[in-house]
Amino acid sequence: MTSKKVQNCRKRKPKVKNLVIPPPPPPPPPPVAERGYWIFDKWLSPMNQAPLSSSLVSGVSLGRYWKNLNPSDGVYDFAGLVADIEACIAAGKKVSIKVASGNKTPDWLFALIPNDTFNELQHIATSTSTTAFRAPVFWDDLYKNKWKEFVSALCSALSPYWGSINYIGASGLSRSSDELRIPSQQIHNAQWDIDSPAQWLALGYDTQKFMDTYYEFTAHILSLIPSHVFLCRAMIPNTTPNILDGRNALTEVVATMGLNKDRYVLLDTYVTQKFDGNAIDIQAKSLGIKVIGQLAEQYFEPAGNGTNYAAALQIFSDWGGYPNMEIYEGNPVDYQTELTDKKPLYT
């Protein structure tokens, strides 16, 4: 090679391709509450297996009593719940977990803490006699500590299954279920003489005690569940005592949910054929909180099926609630027929 050619080779620069820097990956999408029909299996293991065979059922809400899961101090029995979860997963269903407190508080704990019995109507519109609801004085330190110990044990037992769990409802502030609700009725007429707010006041209740306990319990469970699992707050209006202090505890709860709306769903437990939302639903919807539904209990009795059932499902969808609806596994309808005919949640 001549010196001139060598010089030319030395001068020649390698070709450099235009580097294309890929854009950063998009942020992960926020968690999504599973759409479709959910079966509410209430409140005992083993669960009803029939809904698992329906392709129209998206998931199963497993409701269980605190007293059954925590039969003695420091002793927990999650075997039945775990078996039910595994059956749902094997059938390809999503799962939610609900824990009833209130009068489902373990008897061993009732023996150690202050409590009272409230005689209220189970359903104001339809009950013909009162029901006794034993309630813990929930702001008691021992009660709060034992609830948080239980929630920690529950979340530990659920840890292998978080990938299939969509939401969890466990408020520790309930009357008899998982609802965020304590005895609150005030009814004076010829038939009933009920004054739960006065009973609470005599025990030392005020709205701030409710809110402080709510904040404490909520912070605890949020620290234990993964970010894709929603915290479900089941509530309807007028289910905390009106003690004439100008405060509405549930309104305050919804306002705090709105500050972190991707972690919560609000479950309206009283969807009827006349559903048009309520003050709590509307507030939640205005804050961007997902509102899911549960068919009102009277529609699961034999006389409550048919037109009312269909209308309730359709009107909830038309209202614009997030398309997730719970129905009971004991509802005496043919799943394939009813859910195929009434499919607004999928469209």
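Below is a short write-up of the structure. (Residues numbered from 1 in each chain as written. Predicted model: local features only at pLDDT ≥ 70, side-chain atom pairs only at ≥ 80, totals over all residues. Heavy atoms only, no water.)

This part is about the pattern of salt bridges. Applying the stated criterion across every chain, the model contains eleven salt bridges. Among the ionic pairs, D84 bridges to R64, the shortest N-O distance being 2.7 Å. Remark: R64 occurs in strand β2 (residues 57–65) and D84 occurs in helix α3 (residues 79–90); sequence separation between them is 20 residues. Across the pair, exposure class does not vary: D84 and R64 are buried alike. Each of the salt bridges in this network shares a partner with another, and the network as a whole consists of D141, K144, K148 and E216. (Salt bridge = Lys/Arg side-chain N within 4 Å of Asp/Glu carboxyl O. Helix = DSSP H or I, 4+ residues; strand = E, 2+ residues; numbered from the N terminus. Buried < 20%, exposed > 50% of the residue type's maximum accessible area, 1.4 Å probe, protein only.)

Two elements in contact, helix α8 (residues 249–257) and helix α9 (residues 279–286), have axes separated by 9 Å at closest approach and are oriented at 20°. Viewed along their axes, α8 and α9 adopt a mutual orientation that is roughly parallel. Handedness of the α8/α9 crossing: right-handed. On the side of α8, the interface is formed by L250, T251, V254 and A255, while α9 contributes I280, Q283 and A284. Its residues assigned to classes, the contact of α8 with α9 shows five nonpolar, two polar and no charged. (Axes fitted to C-alpha atoms, helices over the stretch in contact; angles between N-to-C directions. Parallel < 35°, antiparallel > 145°, perpendicular 65-115°, else oblique. Left-handed = near helix turned anticlockwise from the far one by under 90°. Contact = heavy atoms within 4.5 Å. Nonpolar A, V, L, I, M, F, W, Y, C, P; charged D, E, K, R; others polar.)

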